[in-house]
Structures are given as C-alpha cells and as structure tokens.
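Residues per chain are reported as follows:
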Amino acid sequence: MSHHLKQLFGAAGMIALLAACTPEAETPTEPTAPPAATDPTAAATTGVNLTGEGWESLRIGMTRAEIVEALGEDANPNAVGGPDPESCDQFRPERAPESMILMVEDGRLTRISLGDPSEIMTDKGLRVGDTAERVKAAYGDQAIVTPHKYQDAPAEYITVWSRGGGEGYVEDENARGIVYEVGRDGTVMAIHAGGPSIQYVEGCL
C-alpha cells in the first residue's frame, strides 16, 4: 500500500471514528475528508466527469435549444465563435463553468472544451494542468499521440477514442473521444471531448 493510500485510509478511518463518537448535531463537520479531486478512483465514480459522451446535463448530439434549456443562453452573444456561425459556432452558456466552451455544428452539440483554469475532470480523473505522462499512463495503448500543430515538442495531442475512432483522421459522426492538448511545458492546457470535431486544431477549423 502506497504512502498516499495509507494517508487516505488513515484520514477516512479517523473520520469514521469521529462520526461514531460525535453527537448527531455536529455531523456537518464531517466534510474534512480528502477531496475527491486528489483521488482519481473516487473521481471516476462521481458521474459528473467529462467523457466523450458529454458532461452532466450536456450530451453530445443535443440541440442548441436543449443546451439553452440546460445551461442558459450564450454568455457573450456579441462574440463570433467561428467564420460561419450557422454551420459551426463556439460559445459558453450563462450557467456553464467559466473555462468551458461548447461547439455547435449545424444546430447540434459536437464538442465540449475545457481551458485553464478548470477543476472538471475526465472519467480517468484527469484535468487541465496534469502532465502528459500522467495522461499516457492512464490510457496506455489506447492513447494516440500526434505532434502539436502550432507548438514545438513536448507539445502534442493525446487522443483517446471511447467509441469508434482509430488511427488517422476520423469522420464517423458516431465516434466519441477525448483529446488532451499538451503545451510546451508538457502539461495539459486544454481538453476537448465529443465527436470528430475534437480533432479540430483551431476552433471550428
């Protein structure tokens, strides 16, 4: 058992002991447990992590009207999200996290992107700021690594398809996956989840 796990179980045991000895009136003090963010295994079971299928109430393939119903209108309606917004637009709904940008193509949600800062994790417990090594270790042979379009190595893209996909450019609209965009410092600077549009390297392009 690693030192980290010993600490985690030690803290959990102390909380259980305190809960057993503390009157019910004082139970609100229980949230002293280690945050789930430090434990990828716990994070993967919360059900609110970003996957190739979506995040919380956002599902890849839903209509723009459904997005608005779930998270509100465009928080910055005067911004242009693409060269041809009718066919491809990017925006952040009013109630979406600050770092989240949604891509809508032909009226349907095709991509969810996270920038820095963001505390949202993928289903592997990974988030913006994690190292490329950690991402590769989490996915093993599933990870497809390609050079970054605009930055020198170690900048790169780490792509993982959960449905469909494969080597080369994927066009199947039913494919789902996640791209971890790694910067020059070797850490994840953005995460893109959804369909084939996760392969776009410059917004809607």
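Refer to the structure printed above.
A quick note: this is a predicted structure, and the numbers were derived from the prediction, not measured. (Residues numbered from 1 in each chain as written. Predicted model: local features only at pLDDT ≥ 70, side-chain atom pairs only at ≥ 80, totals over all residues. Heavy atoms only, no water.)

Q: Sorry, what's going on with the environment of glutamate 105 here?
A: Looking at the secondary structure, you find glutamate 105 in strand S4 (residues 100-105). Given a relative accessible area of 18%, glutamate 105 falls into the buried group. Put simply, glutamate 105 and cysteine 204 are 99 residues apart on the chain and 8.7 Å apart in space, counted from C-alpha to C-alpha. Discounting residues that sit within four places of it in the chain, glutamate 105 has contacts with Ser87, Cys88, Thr110, Ser197 and Tyr200. Polar contacts involving the side chain of glutamate 105 include one to the side chain of threonine 110, which spans 2.8 Å. (Helix = DSSP H or I, 4+ residues; strand = E, 2+ residues; numbered from the N terminus. Buried < 20%, exposed > 50% of the residue type's maximum accessible area, 1.4 Å probe, protein only. Contact = heavy atoms within 4.5 Å. Polar contact = N/O pair within 3.5 Å; in protein donor to acceptor, adjacent residues only side chain to side chain.)

Q: What am I meant to see in the sheet that holds strand S5 (residues 108-114) here?
A: Sheets are built from strands that pair by backbone hydrogen bonding, the pairs being arranged parallel or antiparallel. The strand order across the open sheet formed by seven strands is S3-S4-S5-S9-S8-S7-S6, and the pairing between neighbours is antiparallel. On the outer flanks of this sheet lie strand S3 (88-91) and strand S6 (144-147), each paired with one strand and no other. Going from strand to strand, the sheet's axes swing by 20° on average, the running direction of each strand aside. In this sheet, strand S9 (residues 188-194) lies alongside S5 in antiparallel orientation, the contact comprising four bridges. Across the sheet, residue arginine 111 finds its bridge partner in S9, namely glycine 194. Its contacts with the sheet put helix H4 (residues 132-139) on S6, strand S7 (156-163), strand S8 (176-182) and S9, and the angle it makes with S7 is roughly 25°. (Pairing = 2+ DSSP bridges. Axes fitted to C-alpha atoms, helices over the stretch in contact; angles between N-to-C directions.)

Q: Looking at this structure, how should I read the environment of phenylalanine 91?
A: With respect to the secondary-structure elements, phenylalanine 91 resides in strand S3. Residue classification places phenylalanine 91 among the buried positions, given a relative accessible area of 3%. Residue contacts for phenylalanine 91: discarding those within four places in its chain leaves Arg64, Ile67, Asp74, Ile101, Leu102 and Val104.

Q: How should I be thinking about the pattern of salt bridges in this particular structure?
A: Pairs can form between side chains of opposite charge once their charged atoms are near each other. Considering all chains together, one arrives at seven salt bridges under this definition. A salt bridge links glutamate 98 to arginine 92; its shortest N-O distance comes to 3.9 Å. Take glutamate 98: its relative accessible area is 66%, and that puts it in the exposed class. Accessibility expressed as a relative area gives 18% for arginine 92, which makes it buried. Ionic pairing is found between glutamate 119 and arginine 127, a salt bridge with its closest N-O pair at 2.9 Å. Counted as one network, the salt bridges with shared partners bring together Glu53, Arg163 and Arg176. (Salt bridge = Lys/Arg side-chain N within 4 Å of Asp/Glu carboxyl O.)

Q: What should I look at first to understand the state of the cysteines in this one?
A: Covalently bonding the sulfur atom of one cysteine to the sulfur atom of another cysteine gives a disulfide. Within this structure, the stated rule accounts for one disulfide. The side chain of cysteine 88 participates in a disulfide bridge whose partner is cysteine 204; the two sulfur atoms lie 2.1 Å from each other. Disulfide cysteine 88-cysteine 204: the torsion about the S-S bond is -85°, which places it as left-handed. Here cysteine 88, found in strand S3, pairs with cysteine 204, found in the segment after S9; they are 116 residues apart in sequence, far enough to count as distant. When its relative accessible area of 7% is taken as the criterion, cysteine 88 is described as buried. (Disulfide = S-S within 2.5 Å.)

Q: Can you help me understand the pairing of S9 in this one?
A: Put simply, side chains in a regular strand alternate between the two faces of the sheet. Of all seven residues in S9, six are buried; the element is thus mostly enclosed. Of the pairings in the sheet, the one linking S8 to S9 comprises six bridges and is antiparallel in character. Looking at the pairing, glutamate 181 lines up with alanine 190 of S9. If you look at the hairpin formed by S8 and S9, you'll find five residues sitting between the two strands, and glycine 186 has a positive phi there, around 80°.

Q: Just checking my understanding: could you explain the packing of aromatic side chains for this structure?
A: Working definition: an aromatic ring pair is given by the centre-to-centre distance plus the angle between the planes. According to the stated counting rule, one finds one aromatic pair in the structure shown. When the centroid spacing of 5.7 Å and the interplanar angle of 50° are considered together, the rings of tyrosine 139 and tyrosine 180 count as tilted. With tyrosine 139 in helix H4 and tyrosine 180 in strand S8, this residue pair connects regions lying 41 residues apart in the sequence. Taken individually, tyrosine 139 and tyrosine 180 each receive the classification buried, so the pair is uniform in this respect. (Phe/Tyr/Trp six-rings, centres within 6.5 Å; stacked < 30°, edge-to-face > 60°.)

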